[in-house]
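What follows is each chain in one-letter form.
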Amino acid sequence: MKAFFAIRMALRETRGSRARLTLYMAAIAAGVASLVAIGSFRENVTRTVRSQARTVLGADLEVRHRNDFPDTIVSVLDSLKGAGIETTESVNFGSMVLAESGNSRLLQVRGIDGGFPYYGDIESVPASAWSEFQASRAAVVDEAVLVYLDAEVGDTISIGETEFVIAGYLRDFPGDLGVRAAVGPRVFIPLRYIEETRLLRFGSVATHRVYFRWDDGAAVQNFVDQHNSLLVDNRVGRTTVEDVEDNLGNALENLTRFLGLVGLIALILGGLGVASGVHVFVKEKLDTIAVLRCLGARHPTVFRIYLLQAGMIGLGGAMIGAILGLAIQVLLPTVLGEFLPLDIEVTTQWGMVAMGLFTGVWTSMIFALFPLLKIRGVSPLSALRKDFTPKLKKRPIARTLAFAALVASIVGISVWQAPSPAMGVAFAVAIGIATGILAVAAWGTTHSAKRFFPRRARYVIRQGVANLFRPQNQTISVVLVLGFGMFILTTLGIVQRSLLEQFSVDTDSSRPNLVFFDVQSDQREALTRIMESHGLPRIGAVPIVPARMSRVNDLSVEEILSDTTTNPNRWMYRREYRHTYRDSVTSSETITAGLWFDEADSGELPRISLDEDIAEGLEIGLGDRITWNVQGVDIETRIASLRRINWARFEPNFFAIFEPGVLDQAPQTFVYLTRSDSAAQGARAQREVVENLSNVAVVDLGLIQNTIDGVVTKISYAVKFMALFSMASGLVVLVGAIATTRYQRVQESALLRTLGASARQVRQMIATEYLALGLAAGTTGIGLAVLAGWGLTHFVFEISVAISPVWLGLSLTALALTTVVVGALNSRGVTRNPPLATLRELSE
Amino acid sequence: MDIDIEEREFAAIIGPSGSGKTTLLGLLAGLDVPATGSVSIDGQDLNKLTEDQRASLRAEKVGFVFQSFQLIPTLTALENVMVPLELYDRSESSGSPGKRASSLLERVGLGDRLGHYPIQLSGGEQQRVALARAFVNEPKILFADEPTGNLDMENGSVIVDLLMTMNRELATTLVLVTHDPALADRAARVIRLEGGRIASDSGVSA
């Protein structure tokens, strides 16, 4: 019965504040909605990945190599074919493709034979295109190719020295990402015509793949385990259905968890909203509490009433949130579709809904604990005398427990949502630090408002500023909530901006914007002539010499790799390097150790300059020796200097640079850099190059720029979608935080107006106060965001941070204005009613 | 000071502002504990009880009437009167809380305003609800702090009449703090405070 009394009282006590409590519900709802949406989506993704992994791969096993398969591997593969296992092959390389329209573009050419895919369906337009193009000299292309080349189905395209008729375009290709078409649009041609293109020449990179239909998971795994070292030693990659499940599952899990963290902020903001709401609510209820105490209600009873109320707010908000979340998860595949290689099957995840409800209730109760502790200090004597202020009992144990519960909950929920426990803890710590800094800033605001009080300012300004530090001010909670919202949104903005800036092509007229790759030695003259005839300047011609590492100091690479305990960066020993040689340092690199080639040096061996990250990965440094296998010839070199390289610049950069004179006679290709002043000029030159030097690939940096912009924009779109939840709950909390001061403000302004203040003056006072609050919160939030943005770009993305003061200024202004507007809207009744009505309303 | 108030006695505490009337009332009612000395209600030493035990004692044996009515604004008249009953679930002994509360409200003449909120009632009506609430748990002792202080003459006398009648009917001990000499005159015993001390006490004058 007593429990029922608490529930009844909790319900009755919401009378008259239901509108405001609904607001807090909305704050919790936004958080729960994002949790439920992301959580359900994640479950659905995991299930879909499990059921569709085979379709994504299109086969049971894929084996690939960035060149012709070595003989040992070929014999292993042949033995499988001999055993009756069905296989199909493909070769993939980049090449210029020229259309009837005269447009040309660097595309992915994929020679493939008829069997693929063994699982899943490739949808083409017309539907018969995929099944029939193998029969003739025909091509099936990604839809984007038609746009890029200004071509239609039925047109003829030239690839190398052969022509193909476009039989159709792809609508759905299993395992494709939406962004894929933008990054590397493909042209599929029958495998048997690859030779005729005559594109696979020296220095060109072509990936060879073999697909197996081998519907016996154990046998596949057995084969892979058995041949693992052989495959690894020959740099042959392989993918099983299980690998797809793992990799794709992990990647998508991480993606959704990152988004979940963004959504989690919404929940924490919601909790903060509930806390600040309960804080003020409790203040208004002190009389009631004192009366209840007088009438004999014990502390726990009163405490239970208001804790239950917080729980009810949480439950209400969580229910709304869960429904919203379920609706949003249906939308998520659309928002994230570009990053999903499969069609997500959406089903309602009741487990997530239950978790969402629980989290909503828990969050709001835990956040309410702190303000509710005040209830315990309420003395029944306050009912007798209005002016009675009890000596506040410090309750260090209760406070510590409440604080510990709050911290534990935030850490718990973060760890539950984060990609890894460590990241969850880091996230919680970051939130803690941000909250701490914001609290200090809020304290600083009240303090400096007092300290540097504008004594000479007009009365309304003085009164407005004084409101910041008057008793029962809302400075701390408003600054916390606003500052937090500002912090998150600005951090996202800074990171996005930095990413975009990083990949932006220099508009400086001396920088190259057109690059010719794979120019053979005997084609240099012809290319130079074409460039001259189109007025394209030669900004640079960079030789490229492919090589592999054969020894490091006195150990052969095989010896180093055979010891599996030593070096984790095995790819650094195995990869194919592309070296160059030159006598000068470019603007995208800086020497960090040793001497460049122009300094005299007493060493014996040919000198190289190495990328410092590679040197660190290989655990070698200045003076160490590396022997390179350059097309069968071993060349021993000595590390003379280390460089730091800015890889994000669109310039040819190299892990290792040789001093001139060593590689000059080695087999090599060239990269030519030039700049076209107009798209038309560039296109004409490109066309002539493609027609005459079919193997030369032309890359228009402007196009790459567009592609990257597109991808980054799509990613930030997904992130912003999640940030929307934080914004929504932030706004709700802002309105809530300001609404809670209304009671007090109504009282004050009635008094002021009784004393003769005009409505205009009261409005100005309110505007001054909110402007100050908005500025304090905004400045702190932006300051934190700059720090966080720098940290994220520097440590996580490893790029330099791009901060636009103008943009920050605009954000700050926007926040300050929003605060003033919300404040003004919220106080409009205050100045509209005659003061007597307000005073009477209050006294009743 | 040393005061004994007998069962069913009606004592008025009077004195100028700041003489300690309300402090004394708070101590007598167990809302606070004295730094030195002791207070007993119905034989129980309040000093020996915890805060929550004193709350239980109040719920069981003490009633209050305040100068500023102190109704809970979010509850209706009926719900306000029911609170002391609901707090400790005394429904079995004296019928359902709702019935008992509404009969008391009828008794104070508000039988037709059960569902009204405090803000919808006049001051006099609010104080009548407060009276009903004070008597609803049949307290042994009732403390009234300037019950007419916020009311006009007419409403004040209605309240005083009700208070005295119900007090007699329910055989309650009544301790009343007031400024109003006319109200004090109706008390059997008048304790006069000055500067925190008893200046006169008609109950011990003999």
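For clarity, every value in this text was computed on a predicted model and none was experimentally measured.

The next thing to look at is the overall build of chain A. Across its full length, chain A holds 28 helices and 21 strands. A total of 844 residues make up chain A; the buried ones form 53% of that total. Contacts spanning at least 24 positions in sequence make up 83% of the contacts within chain A whose residues lie at least 6 apart. Carbon and sulfur atoms provide 57% of the accessible area of chain A, an area that totals close to 37200 Å².

Another aspect to go through is the overall build of chain B. Across its full length, chain B holds 7 helices and 8 strands. Principal-axis analysis of the C-alpha atoms places the extent of chain B at approximately 45 × 40 × 30 Å. The 206 residues of chain B split such that 55% are buried. Taking the intrachain contacts of chain B between residues at least 6 apart in sequence as the baseline, contacts between residues at least 24 apart amount to 71%. As presented, chain B carries roughly 8900 Å² of accessible surface, and 48% of it is formed by carbon and sulfur atoms.

Turning our attention to the packing of helix α11 (residues 299–336) of chain A against helix α12 (residues 350–373) of chain A. Residue and element names in this part refer to chain A. In contact at an axis separation of 7 Å, α11 and α12 are set at 145 degrees when each is read in the N-to-C sense. As α11 runs across α12, the sense of the crossing is right-handed. In this structure, α11 contributes F303, Y306, L307, A310, G311, G314, L315, A318, M319, A322 and L326 to the contact, and α12 contributes V353, G356, L357, G360, V361, S364, M365, A368, L369, L372 and L373. Of the residues belonging to the contact of α11 with α12, the class tally is 17 nonpolar, 5 polar and no charged.

This next bit is on the packing of aromatic side chains. Per the counting criterion, the structure on display carries 14 aromatic pairs over all chains. Relative to B:F66, the ring of B:F64 has its centre 5.6 Å away and its plane inclined at 5 degrees; by these criteria the two rings are stacked. Given the relative accessible area of 2%, B:F64 is considered buried. Three or more aromatic residues joined by ring pairs form one cluster here, namely A:Y577, A:W628, A:F655 and A:F658. If you follow A:R54 out to its NZ or CZ, it ends over the ring of A:Y119, 5.3 Å from the centre.

For the rest of this paragraph, the subject is a nonpolar patch on the surface. Residue and element names in this part refer to chain A. On the surface, W790, L792, F795, V796 and F797 cluster together to form a nonpolar patch covering roughly 500 Å² of accessible area. If you trace the backbone, V796 turns up in helix α25 (residues 759–796). Its relative accessible area of 56% is what places V796 among the exposed residues.

In this model, A:F116 is joined to A:P117 through a cis peptide bond whose omega is -5 degrees. Positionally, A:P117 belongs in the loop between β3 (104–112) and β4 (123–125). Residues other than glycine seldom take positive phi values, yet A:N553 does so here, at roughly 50 degrees. With respect to the helices and strands, A:N553 occurs in the loop between β12 (540–552) and β13 (555–556). Overall, A:N553 belongs to the partly exposed group, its relative accessible area being 22%. In this model, B:Q70 sits at a positive phi of 55 degrees, which is unusual for a non-glycine residue. Relative accessible area serves as the criterion here: at 7%, B:Q70 is assigned to the buried category.

Moving on, we get to the domain arrangement of chain A. Residues and elements named next belong to chain A. Splitting chain A by domain gives domain 1 (1–45 + 251–437), domain 2 (61–213), domain 3 (453–506 + 705–844) and domain 4 (514–704). Here domain 2 and domain 4 have C-alpha centroids that lie 29 Å from each other. Both faces considered, domain 2 and domain 4 share a buried interface measuring about 1500 Å² in area, 58% of it formed by carbon and sulfur atoms. Applying the counting rule to domain 2 against domain 4 returns 0 salt bridges. On inspection of domain 2 and its partner domain 4, the count reaches 1 residue pair in polar contact (both at pLDDT 80 or more). Contributions of two or more residues to the side of domain 2 that touches domain 4 are made by β2 (86–99) and β3.

All right, on to helix α26 (residues 805–826) of chain A then. All names here are of chain A. End to end, α26 covers 31 Å across 22 residues, agreeing with the expected 32 Å (1.5 Å per residue, within 8%). If you check which residues of α26 are buried, you get L808, S811, L812, L815, A816, T819, V820, V822, G823 and N826. On an axial view of α26, the arc spanned by its buried residues comes to 165 degrees, and they lie on one face. More than 90 degrees from the buried face of α26, the exposed residues found are V806, L810 and L817.

A few words now on the nonpolar core. A:L292, A:I305, A:Y306, A:L372, A:F484, B:F64 and B:F143 are the most contacted members of the largest nonpolar core, which totals 99 residues. Top contributing element to this core by residue count: helix α9 (residues 241–284) of chain A, with 12 residues. There are two domains that each give this core at least three residues, and those are domain 1 (1–45 + 251–437) and domain 3 (453–506 + 705–844) of chain A. Here A:I305 is in contact with A:F5, A:A6, A:M9, A:A10 and A:L292, once residues within four sequence places are set aside.

Among the surface-exposed residues, A:D121, A:E123, A:D172, A:D343 and A:E345 lie close enough to one another that they form a single negatively charged patch. For A:E345, the location among the structural elements is in the loop between α11 and α12.

Residue and element names in this part refer to chain B. Relative to the assigned elements, L151 resides in the loop between β5 (141–145) and α6 (153–169). Once the C-alpha coordinates of L151 and G123 are considered, the two residues, 28 residues apart in sequence, prove to be 6.6 Å apart. Those residues in contact with L151, other than ones at most four positions away along the chain, are F69, G123, G124, Q127, G156 and I159.

With that settled, consider the environment of A:R18. Within the secondary structure layout, A:R18 lies in helix α2 (residues 18–57). Here the alpha-carbon distance between A:R18 and A:H279, two residues 261 residues apart in the chain, equals 16 Å.

A few words now on the environment of A:F188. All names here are of chain A. Within the fold, F188 resides in strand β8 (residues 186–190). Judged by relative accessible area, which is 0%, F188 ranks as buried. Separated by 77 residues in the primary sequence, F188 and G111 have C-alpha atoms spaced 5.8 Å apart. Every residue in contact with F188, bar those within four places of it in the chain, is listed here: R110, I112, W130, F133, A138, A139, V140, L170 and F173.

Before going further, it helps to spend a moment on the pattern of salt bridges. Enumeration according to the criterion identifies 31 salt bridges over all chains in this entry. Salt-bridge contacts for A:R12 lead to B:E86; the nearest nitrogen and oxygen are separated by 3.0 Å. Here A:R12 is found in helix α1 (residues 2–12), whereas its partner B:E86 is found in helix α3 (residues 77–88) on a different chain. With respect to burial, A:R12 and B:E86 carry one shared label: buried. Its salt-bridge partner being A:R54, residue A:D215 comes within 3.9 Å of it at the nearest N-O pair.

Our next topic: the interface of chain B and chain A. Every contact between the two is made by 32 residues of chain B and, on the other side, 30 residues of chain A. In total, about 2900 Å² of surface goes out of reach between chain B and chain A, with carbon and sulfur atoms giving 59% of it. Looking at the side of chain B facing chain A, the largest losses of area belong to B:T74, B:E86 and B:L87, adding up to 20% of the total buried there. Taken together, the links from chain B to chain A amount to 3 salt bridges. A:R8 is the salt-bridge partner of B:E86, the closest N and O atoms lying 3.0 Å from each other. At the boundary of chain B and chain A, one finds 7 residue pairs in polar contact (both at pLDDT 80 or more). Looking at the side of chain B that touches chain A, the elements that each hand over two or more residues are α1 (21–28), α2 (51–61) and α3 of chain B. A total of 7 residues in the side of chain B that touches chain A trace back to one element, the largest contributor, which is α3(B). Counted by class, the side of chain B that touches chain A contains 16 nonpolar, 7 polar and 9 charged residues.

Cut-offs applied
- Here the residue numbering is sequential within each chain, running from 1 through the sequence in written order.
- All chains are assigned letters beginning with A, and all ligands numbers beginning with 1, in the order in which they are written.
- Owing to the predicted nature of the model, reporting of local features is limited to residues with pLDDT of at least 70; listing and counting of side-chain atom pairs is limited to 80 or more, with chain, interface and lining totals taken over all residues.
- Excluding hydrogens and water, the side-chain values take into account all heavy atoms of the structure.
- We count a stretch as a helix when DSSP gives it H or I for four or more residues in a row; a strand needs E for two or more, and each element gets its number in order from the N terminus.
- With a 1.4 Å probe rolled over the protein chains alone, any residue whose accessible area is under 20% of its type maximum counts as buried; one over 50% counts as exposed, and the rest are partly exposed.
- Every residue pair with non-hydrogen atoms within 4.5 Å of one another is taken to be in contact.
- In this description, accessible areas are obtained by the Shrake-Rupley approach with a 1.4 Å probe, and a residue is regarded as covered only by the protein chains that are shown.
- Axis lines are fitted to C-alpha atoms, over the contacting stretch for helices. Their N-to-C directions set the angle, which ranges from 0 to 180 degrees.
- By the definition used in this description, the sense in which the near helix is turned from the far one sets the handedness, with an anticlockwise turn below a right angle giving left-handed and a clockwise turn giving right-handed.
- Gly falls in the polar group here, along with every residue not listed as nonpolar (Ala, Val, Leu, Ile, Met, Phe, Trp, Tyr, Cys, Pro) or charged (Asp, Glu, Lys, Arg).
- Think of it this way: a Phe, Tyr or Trp ring, Trp meaning its six-membered ring, pairs with another when their centres are within 6.5 Å, and the plane angle makes it stacked under 30 degrees, edge-to-face over 60, tilted otherwise.
- Ring-over charges, as used throughout, are those where CZ of Arg or NZ of Lys falls within 6 Å of the ring centre and within 35 degrees of the ring normal.
- Patch membership is restricted to residues that have no salt bridge and whose relative accessible area is over 30%. Joining uses 9 Å for like charges and 5 Å for the nonpolar side chains Val, Leu, Ile, Met, Phe, Trp and Tyr.
- By definition here, a salt bridge exists when the distance from a side-chain nitrogen of Lys or Arg to a carboxyl oxygen of Asp or Glu is within 4 Å.
- Domain delimitation in this document rests on an assignment produced automatically or drawn from a domain database.
- Throughout, the accessible surface (probe 1.4 Å) given up by two parts as they are put together, summed over both, is called the buried area.
- Two N or O atoms form a polar contact when they lie within 3.5 Å of each other; inside protein one atom must be a possible hydrogen donor and the other a possible acceptor, and for residues adjacent in sequence the pair counts only when both atoms belong to side chains.
- Expected span of a helix, by definition, is 1.5 Å for each gap between consecutive residues, and there is one gap fewer than residues.
- Directions from the helix axis toward the C-beta atoms define the arc.
- Among the buried residues, those of types Ala, Val, Leu, Ile, Met, Phe, Trp, Tyr and Cys that are joined through side-chain atoms within 4.5 Å form a nonpolar core.
- Note that His is not counted, nor are the chain ends; the positive residues are Lys and Arg, and the negative ones are Asp and Glu.
- For this purpose, a charge sits on NZ of Lys, CZ of Arg, CG of Asp or CD of Glu.

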